[in-house]
Amino acid sequence: MTRATAGAGAAALLAVLLSALLTGCTAGGAGTAKPSASSSADAAQHGPAIRIVSPEGAVRLGDEVRLVIRATDDGAPLAARDATFEVLSGPAAYPGGFETSATDSDGVASSLGLHAEAAGRITIRVAVGSVSSDLVIDVAAP
């Protein structure tokens with residue numbers, strides 16, 4: 001292989017990797033609570049989905065853990081439905097084992113009673129009607 005063909009091959013590989021990086025990656029790492037997509041992205045969505053609106057990252061141990069979600073089906077809000085929040089794993093609990101609140105006209109519901117007991121990753125199952133999703137929140141040490 002000549003130096004010219006090796007350079008051309010490296011340039012082609014770099015172009016493919018850069019293209020994949022720009023089109024296939026999103027901000028935020030696994031396990032980080034992320035805000036929901038914009039309503040224009042929801043309109044293009046197919047099927048039911050539950051997304052975290054808040055918090056937008058790790059919460060600090062000792063801070064109030066307020067989980068806000070948005071539930072949609074084909075981009076349309078799942079309004080006026082019960083949303084049930086339940087801890088599946090991690091150092092947190094709800095008084096009584098779970099919490100329920102109603103979605104508003106935009107499909108948004110809040111959980112205010114989550115108590116983080118230690119730093120770590122918490123997995124919460126959120127169910128709105130027959131739609132459910134496991135969401136992850138990180139709790140950072142103070």
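Up top is the structure these notes are about.
On a predicted model such as this, the values are computed, not experimentally measured, just so you know. (Residues numbered from 1 in each chain as written. Predicted model: local features only at pLDDT ≥ 70, side-chain atom pairs only at ≥ 80, totals over all residues. Heavy atoms only, no water.)

**Focus on the sheet that holds strand β5 (residues 82–89)**
Ordered in space as β2-β10-β9-β5-β7, the 5 strands form an open sheet in which the pairing is mixed. If you trace the sheet from one side to the other, it starts and ends with β2 (59–60) and β7 (99–102), each paired once. With 4 bridges joining them, β5 and β7 adopt antiparallel strand pairing. Looking at the pairing, Ala83 lines up with Ser101 of β7. (Pairing = 2+ DSSP bridges. Helix = DSSP H or I, 4+ residues; strand = E, 2+ residues; numbered from the N terminus.)

**Some points on the pattern of salt bridges**
Scanning the entire structure with this criterion turns up 2 salt bridges. For the salt bridge of Arg121 with Asp138, the shortest nitrogen-to-oxygen distance reads 2.9 Å. Taken together, the positions of Arg121 in strand β9 (residues 120–128) and Asp138 in strand β10 (residues 131–140) put the pair 17 residues apart, joining distant regions of the chain. Relative accessible area serves as the criterion here: at 43%, Arg121 is assigned to the partly exposed category. Across the pair Arg125 and Asp134 runs a salt bridge whose closest N-O atoms are separated by 2.7 Å. Overall, Arg125 belongs to the partly exposed group, its relative accessible area being 34%. (Salt bridge = Lys/Arg side-chain N within 4 Å of Asp/Glu carboxyl O. Buried < 20%, exposed > 50% of the residue type's maximum accessible area, 1.4 Å probe, protein only.)

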